[in-house]
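# Residue-level structural notes
Below are the chains, spelled out letter by letter.
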Amino acid sequence: MKTMIYSLTLAALMITSFSSCSDDNDPVLTQKDWDGTTTYFASADAMKFDTYYKPSVGYVGDPMPFYDPQAKDFKIMYLQEYRPNQAGTYHPIWAVSTQDAASYRSMGELISCGGLSEQDAAIGTGSTIYNPSDKLYYTFYTGNKYQPTSSENGQVVMYATSPDFKTWTKNRTFYLKGDTDGYSKNDFRDPFVFEGEDGKYHMLVSTTKSGKGVLAEYTSTDMKSWEHAGVFMTMMWDRFYECPDVFKMGNWWYLVYSEMHAAIRKVQYFKGRTLEELKATTANDAGIWPDSHEGFLDSRGFYAGKTASDGTNRYIWGWCPTRSGNDNTAVGASPNEPEWAGSLVAHKVIQHADGTLTLGLVEGISQKYATASAV
């Protein structure tokens, strides 16, 4: 009798289980509602195909590549794009690491967004640099105020530090504001820090002055206190140079930037044998182009490109945009402009004898797909 009761109970449970599985997998009968949950799939792991990295949830926006002199690898911070993003607080800084720019390891979220009332409710792009004097990593980034009042700054430069590139601490007293030095208080962003030949750290900020786009320059000896050094470079015509990146390669100085003008929307560069010569390439809207195609490095399918070098190879990382649905309209065809953020794309930067740059194949990617296989 006990055996019969047990058998009937087991059979009932199995029927219930099979019925539930059928309903859960039927898209017509069941519509999941994830609102208010904290247990839905939100893995920081990469999608299975990681040559062109994309997190399992969301997309890569505005890469901030950095060669880590301590770990001897590349760290690529990026703005994590969710769709939809949380209202007001969005684009925390996530990161991946790589040895060869061909395979990536996710490091997850490193710098979180502030609260709705804080200056960095939403985070904008920036750059990372290591300070050997205090053995700290510094990440400078854009703090975007949520619904700023007329007396508040919409954008300021902020920074966070870390001893191990894992745990980051925000500095809540450092707020570099553009209007203090005559620049825009609401368009003051994309800080990039590099070491100059004068023994100082230099920071460039994309902003406007008297209605014209400029790169503002600041200098520091410790990365904590910064002095205004004037306009580093004016932007030609009505253009605005996003995501600036300055570096020296061989005997040449370069500025790589992303032109946000809707008619262009591409990554470009300027060059000069000295920093002063580099700055002069746009003076008085001069337009001293570095090559025969106005410094364009790629098409509209590659944006927000910035570089990093291990001393031997220099790579550039940008994002390849996405489109909604199955829209396969030509890139740049209005009104079907590709959406912001996508997958992480890397190229090798090739320097030629005359100082011009082109992009080439990453050796790691070439080696990754070097074995012929029967299909």
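Refer to the structure above for everything that follows.
A short tour of the structure in this document, coming up. (Residues numbered from 1 in each chain as written. Predicted model: local features only at pLDDT ≥ 70, side-chain atom pairs only at ≥ 80, totals over all residues. Heavy atoms only, no water.)

All right, on to the environment of V362 then. Mapping V362 onto the fold places it in the loop between strand 19 (357-360) and helix 3 (363-368). Sequence spacing of V362 and V349 is 13 residues, and the spatial spacing of their C-alpha atoms is 9.0 Å. Discounting chain neighbours no more than four positions away, the residues touching V362 are D100, A101, Y315, A346, H347 and K348. (Helix = DSSP H or I, 4+ residues; strand = E, 2+ residues; numbered from the N terminus. Contact = heavy atoms within 4.5 Å.)

With that out of the way, let us pick up the nonpolar core. With 19 residues, the main nonpolar core has M77, I93, L110, I111, I123, F165 and W168 as its most contacted residues. Residues within four places of I111 in sequence aside, it is in contact with M77, P92, I93, I123, T139, A160, W168 and K170. With 18 residues, the next largest nonpolar core counts Y138, V157, F174 and A216 among its residues. (Core = buried A, V, L, I, M, F, W, Y, C linked by side-chain atoms within 4.5 Å. Buried < 20%, exposed > 50% of the residue type's maximum accessible area, 1.4 Å probe, protein only.)

The residue M249 is located in strand 13 (residues 241-249) in this model. The sequence separation of M249 and Q351 amounts to 102 residues, and the corresponding C-alpha distance is 8.0 Å. When sequence neighbours within four positions are dropped, the list of residues in contact with M249 reads Y254, R314, V349, Q351 and L357.

Let's shift gears to the sheet that holds strand 11 (residues 212-220). Strand order in the open sheet made by the four strands is 9-10-11-12, with antiparallel pairing throughout. Whereas interior strands pair on both sides, the edge strands pair on one side only; in this sheet they are strand 9 (188-195) and strand 12 (227-234). Neighbour-to-neighbour, the strand axes of this sheet turn through a mean angle of 30 degrees, independent of strand direction. By the bridge criterion, nine bridges tie strand 10 (residues 201-209) to strand 11 in an arrangement that is antiparallel. For T208, the partnering residue across the bridge sits in strand 11 and is G213. (Pairing = 2+ DSSP bridges. Axes fitted to C-alpha atoms, helices over the stretch in contact; angles between N-to-C directions.)

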